[in-house]
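Working through the structure, step by step
Below, each chain spelled out in residue letters.
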Amino acid sequence: MTATTAQQEIPMIPAFVARIANYAADGPAYLRLAADGAMEWVAAQGDATPFSSMREATRHATRLPAKLRAFGVPRRD
């Protein structure tokens, strides 16, 4: 007897990597990656590096140092 698993298509939702800098900040900071791989945190989503999916953004966020407490957030258009 073989078991079959139903695979559902997961929608590709564009996303960003964000973090809450500190409690005094006005909202989250978003990650911008330079061509040479340098990271910079910016205040506007429009200046941040977009990722093709929440999965990719979250994967990148979890590879950052834990003290940054970064996470993936969906892009708001």
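Preceding block: the structure.
We now turn to the structure provided with this report. (Residues numbered from 1 in each chain as written. Predicted model: local features only at pLDDT ≥ 70, side-chain atom pairs only at ≥ 80, totals over all residues. Heavy atoms only, no water.)

The helix and strand inventory of the chain stands at one helix and four strands. Taken from N to C terminus, the helices and strands of the chain fall in the order β-β-β-α-β. Counting all 77 residues of the chain, 27% fall into the buried class. Of the contacts made within the chain by residues no fewer than 6 positions apart, 53% connect residues no fewer than 24 positions apart. Split by element, the accessible area of the chain, about 6100 Å² in all, is 54% carbon and sulfur. (Helix = DSSP H or I, 4+ residues; strand = E, 2+ residues; numbered from the N terminus. Buried < 20%, exposed > 50% of the residue type's maximum accessible area, 1.4 Å probe, protein only. Contact = heavy atoms within 4.5 Å. Areas by Shrake-Rupley, 256 points an atom, 1.4 Å probe, with all protein chains shown as cover.)

Quick look at the nonpolar core now. Counting nine residues, the largest nonpolar core consists of A15, V17, L31, F51, A57, A61, L64, L68 and A70. Of all the secondary-structure elements, those providing two or more residues to this core are β1 (15–19) and α1 (54–62). Beyond its immediate sequence surroundings of up to four residues, L68 is in contact with R19 and W41. Among the nonpolar cores identified, the runner-up in size contains six residues, and F16, Y30, A48 and V73 belong to it. (Core = buried A, V, L, I, M, F, W, Y, C linked by side-chain atoms within 4.5 Å.)

What follows concerns the environment of V17. Its place among the elements puts V17 in strand β1. Given a relative accessible area of 0%, V17 falls into the buried group.

Right, let's talk about the sheet that holds strand β4 (residues 71–74) for a bit. In any sheet, the strands associate via hydrogen bonds between backbone groups, in a parallel or an antiparallel arrangement. Pairing is antiparallel in the open sheet, where four strands are placed in the order β3-β2-β1-β4. Each edge of the sheet is formed by a strand with only one pairing partner; in this case those strands are β3 (39–42) and β4. Along the sheet, successive strands turn relative to each other by an average axial angle of 45 degrees, direction set aside. On top of the sheet, α1 reaches β1, β2 (29–33) and β4; it is set at about 155 degrees to β4, its chief contact. (Pairing = 2+ DSSP bridges. Axes fitted to C-alpha atoms, helices over the stretch in contact; angles between N-to-C directions.)

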